[in-house]
Amino acid sequence: MSKVLLKLNTLPCLGGYENAFALFIRKGHHLRGKPPGVAKSLQQKLSELNIKDPSVHYKVDIGLPPVQVSRAQQVQERLDHLKQQRNDKELERLSRNRKLIVNLEESNKDWLATVGPQHLRKIAEHYGVFKDLFGDAYFYPQVPLNILYDTNQVYYGNIIKPEDASQTPQVTFDSDNDSFWTLIMTNPDGHFSNNDKEYVHWFVANIPGNKIQNGETIVEYLQPFPPKGTGYHRHIFILYKHSKKLDFSPYKTQGLTLTDRTFNTYDFYKTLQDNITPAGLVFFQSDWSPSLKTFYHNVLKMKEPIYEYDFPAPYIRPQDWYPKRKPFNLYLDKYRDPKEINKEFLMRKLKNIHPFKAPKPEPLYPNAQFIDKDVPSWLKTEIKKSRLKWGRINEIE
Amino acid sequence: MQVVRNCTKLFTPPVQIRNSSNALVKNQNLAPFVNRNPRNLERMRIAYKPDGYHVEKPGKNYWHKLNVTLSGKYVTATITHFENGEVLRASTSEWCIKKYLYRGKDTSAFINLGRILGFRCLQTGLTEISCDLEPKEDSKVALFLKALEDSGVQLKEPTQFKAIYPWHYERPEKPWEVVE
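Residues numbered from 1 in each chain as written. Chains lettered and ligands numbered in written order. Predicted model: local features only at pLDDT ≥ 70, side-chain atom pairs only at ≥ 80, totals over all residues. Heavy atoms only, no water.

Naming follows an unreviewed UniProt entry, where chain B appears as Large ribosomal subunit protein uL18m of Ceutorhynchus assimilis. Taken from UniProt, the Sequence similarities (unreviewed entry) comment for chain B reads in full: "Belongs to the universal ribosomal protein uL18 family." (UniProt positions renumbered as here; feature names shortened; annotations may be inferred.)

The name recorded for chain A in an unreviewed UniProt entry is Large ribosomal subunit protein mL38, from Ceutorhynchus assimilis. Regarding chain A, the UniProt comment filed under Subcellular location (unreviewed entry) reads as follows: "Mitochondrion". Under Sequence similarities (unreviewed entry), UniProt gives the following word-for-word description of chain A: "Belongs to the phosphatidylethanolamine-binding protein family. Mitochondrion-specific ribosomal protein mL38 subfamily."

Structure below.
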């Protein structure tokens, strides 16, 4: 120990790259590659790999321009408000006694009128809304959109179960009397055959002012129906603004089957981009619930599809001719057909099952049973594992 | 265990289809299903989650994490995603909060910031957030965390569910098969 200390103390300086190697004086320990601090970290390597050229990978704002407010006037108003607050004895007392409760609804309204759109763009990007719907375009949701299913309001990614969203929701938003609006609800995650497409759940066009009941329903409302095993689907409402009435008849569908409801927001916006501007955005997530079985049978007239997540296959290294220091049975099992192994386990199980008699009761202490002396140790381990229901026995149980 | 990050969206075709009524047509065109929602696998608890080093501080083992930053006059709470960076924030310097407070950094400010951030988390569907903060009892940050929890946010994330292979000892319950 003293030798090591001596060597460290006598080093002239510890900053350089050569000296970093000199520190590693333990015999038999080798450093692979450059030492930490000199070598690049994973994060550095990944950021170099994923470098993006700003002249190619840039995003375009397709939304409404932000509401212009006079900065001087706003600052004056805010200063006046703060001055008034400073002199408010009651507010001071409440704040000191921890009794000051901010009204969430009012604060939320102010949020949407000030920095809300910027925050919402960030969260929508986090949920991949713009990427999957508009490609390289984005917008700030300038018009607050209130969509209410009975008691559940649609915000920006909250969870609503399919049965809670079975009826057409109430829609409210602020509007002047001259402009027209179009509301589209789509699901970009649920298409059965083409994964780049969406299903349109609701399409109301040419809404005069904020009177949604006077709008023209192009596609009737359909409740969310995420299939079992596919997780959470985004259901996105987008409100477009346009100054005159537009013709949406090409999007009218004859039947209401799922194939007719296939939709692509990107193409839709591309054809109409000179006339419409996205202004409002809300979305919710929905996952499978048992109530959907009857919906699939009665409304969609199809059997209920069930999916399961496909985990990536494990890496198994190529087999060696002479594997050294490996348990032979476990090693060879890795390269056998799993069905064959399962069959072996099943045959062993069926050997002890009588077709007509009741099965024997399970022993209270399964591992306290006698195993013959001549049984080799590896087989003893396997027997014990099967008794305790460990490992491959679970594949057939 | 092997970690694969970018082939995470495949679903196999239906493994079983009910033999219920004969009147129903056979399902056609059922290709492998892809859910494009980038947050889906995190909610299903099977998304990749970085491990980091177990002695590292602050740890990297999270999908979403809560951070609290104090400045001279204000408090800012942010939710960070391990890949996307900051995704949600609330600060007492925002006019919509500052307007209703007497001071930007007193106890009431911390409590109300917790309530408002909790409301925004519920709105944006981020209900489980990992949190490294270990404040002293009854401190301002502790009151902030309590207000956040009271509004319905869980300050703990579930662990990542890793694939089960035939040679594994146990067969843990799959989180997506549990229906509450």
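Following the structure, the description resumes.
**Looking at the overall build of chain A**
For chain A, the helix and strand inventory stands at 13 helices and 12 strands. For 397 residues, the compact-globule formula gives about 21 Å, and the C-alpha radius of gyration of chain A, at 33 Å, lies well above that figure. Across its three principal directions, the C-alpha atoms of chain A cover 95 × 85 × 55 Å. For chain A, the residues scored as buried account for 38% of the 397 residues in total. Partitioning the contacts of chain A with sequence separation of at least 6, the portion at a separation of at least 24 is 69%. (Helix = DSSP H or I, 4+ residues; strand = E, 2+ residues; numbered from the N terminus. Rg over C-alpha atoms; globule rule 2.2 N^0.38 Å. Buried < 20%, exposed > 50% of the residue type's maximum accessible area, 1.4 Å probe, protein only. Contact = heavy atoms within 4.5 Å.)

**Some words on the interface of chain B and chain A**
The partner chain A presents 83 residues to the 79 residues of chain B that form the contact. Counting each side, the surface lost to burial between chain B and chain A is near 7700 Å², with a carbon and sulfur contribution of 58%. Counting every contact that joins chain B to chain A gives five salt bridges. A salt bridge links Asp110 of chain A to Lys99 of chain B, with the nearest nitrogen and oxygen atoms 3.2 Å apart. Viewed at the interface, chain A and chain B are joined by 36 residue pairs in polar contact (both at pLDDT 80 or more). Those elements giving two or more residues to the side of chain B that touches chain A turn out to be strand E1 (10–11), strand E2 (33–34), helix H1 (40–43), strand E5 (85–91), helix H2 (95–98) and helix H3 (107–123) of chain B. Looking at the side of chain B that touches chain A element by element, the count peaks at 10 residues for H3 of chain B. Class assignment for the residues of the side of chain B that touches chain A results in 41 nonpolar, 21 polar and 17 charged. (Buried area = accessible area lost by both parts, 1.4 Å probe. Salt bridge = Lys/Arg side-chain N within 4 Å of Asp/Glu carboxyl O. Polar contact = N/O pair within 3.5 Å; in protein donor to acceptor, adjacent residues only side chain to side chain. Nonpolar A, V, L, I, M, F, W, Y, C, P; charged D, E, K, R; others polar.)

**Looking at the pattern of salt bridges**
A pair can form between side chains of opposite charge whenever their charged atoms are brought close. Residue and element names in this part refer to chain A. Under the defined criterion, the tally for this structure stands at 29 salt bridges over all chains. Between Arg234 and Asp132 there is a salt bridge, and its shortest N-O distance comes to 2.6 Å. Separated by 102 residues along the polypeptide, Arg234 in strand E10 (residues 233–242) and Asp132 in helix H8 (residues 129–134) bring together distant segments of the chain. Taken as a pair, Arg234 and Asp132 share a single burial class, namely buried.

**Details of helix H12 (residues 338–351) of chain A**
Residue and element names in this part refer to chain A. The end-to-end C-alpha separation of H12 is 20 Å, in line with the 20 Å expected for 14 residues at 1.5 Å each. For H12, the set of buried residues is Ile341, Asn342 and Phe345. The buried side chains of H12 occupy one side of the element, clustering within an arc of 100 degrees when seen end-on. The outward face of H12, more than 90 degrees from its buried face, is lined by the exposed residues Lys339, Lys343, Met347 and Lys351. Structurally, H12 contributes buried residues whose contacts are with helix H11 (328–333) and helix H13 (377–387). (Expected span 1.5 Å × (residues − 1). Arc of directions from axis to C-beta.)

**Re the layout of surface pockets**
Residues and elements named next belong to chain A. Roughly 1400 Å³ of volume is contained in the second largest pocket. Around the second largest pocket, the lining is made up of 42 residues, and of these Arg348, Lys349, Ser386, Arg387 and Ile393 lie nearest the centre. Mapped by element, the contributors of at least two residues to the lining of the second largest pocket are H11, H12 and H13. For the lining of the second largest pocket, the residue count by class is 19 nonpolar, six polar and 17 charged. (1 Å grid on protein atoms, 1.4 Å probe; cavity = no way out; pocket = protein on both sides within 12 Å on 5 of 7 lines; lining within 4 Å. Points joined across faces, edges and corners; volume = space filled by probe spheres on them.)

**Points about the environment of Gln123 of chain B**
When you line up the elements, Gln123 of chain B lands in helix H3. Sequence separation between Gln123 of chain B and Pro172 of chain B is 49 residues; the distance between their C-alpha atoms is 32 Å. Excluding residues within four positions of it along the chain, Gln123 of chain B makes contact with Asn108, Trp111, Tyr155, Tyr156, Gly157 and Asn158 of chain A.

**Some details on the pairing of strand E4 (residues 75–81) of chain B**
Put simply, side chains in a regular strand alternate between the two faces of the sheet. Residues and elements named next belong to chain B. Counting buried residues along E4, seven of its seven residues qualify, which places the element largely inside the surrounding structure. Side chains of E4 alternate between two faces, with Val75, Ala77, Ile79 and His81 and Thr76, Thr78 and Thr80 buried alike. Note: strand E3 (residues 64–70) against E4, seven bridges, orientation antiparallel. Residue pairing in the sheet places Asn67 in a bridge with Thr78 of E4. Connecting the antiparallel pair E3 and E4 is a turn made up of four residues. Pairing of E4 with E5, which is carried by six bridges, proceeds in the antiparallel orientation. Opposite His81, over in E5, you have Gly85 as the bridge partner. (Pairing = 2+ DSSP bridges.)

**Details of the sheet that holds strand E6 (residues 170–173) of chain A**
All names here are of chain A. Strand order in the open sheet made by the three strands is E4-E3-E6, with antiparallel pairing throughout. Each having just a single partner strand, strand E4 (152–154) and E6 make up the two edges of the open sheet. Within the sheet, the average angular offset between the axes of one strand and its neighbour, ignoring direction, is 25 degrees. Pairing geometry for strand E3 (residues 145–149) and E6, over four bridges, is antiparallel. Counted as the bridge partner of Leu148 is Gln170 from E6. (Axes fitted to C-alpha atoms, helices over the stretch in contact; angles between N-to-C directions.)

**Let's talk about a nonpolar patch on the surface**
Among the surface-exposed residues, Phe328, Leu332, Trp378 and Leu379 of chain A lie close enough to one another that they form a single nonpolar patch of about 350 Å² accessible area. In this structure, Leu379 of chain A sits in helix H13. (Patch = residues over 30% accessible without salt bridge, like charges linked within 9 Å, V, L, I, M, F, W, Y side chains within 5 Å. Areas by Shrake-Rupley, 256 points an atom, 1.4 Å probe, with all protein chains shown as cover.)

**Considering empty space enclosed by the protein**
All names here are of chain A. One pass over the full model with this rule turns up three cavities of 30 Å³ or more. Of the pockets and cavities examined, the second largest cavity occupies roughly 60 Å³. Lining the second largest cavity are Leu112, Leu120, Pro141, Gln142, Val143, Pro144, Leu145, Tyr156, Gly280, Leu281 and Val282. When residues of the lining of the second largest cavity are assigned to their parent elements, the largest contribution, three residues, is made by strand E12 (residues 277–286).

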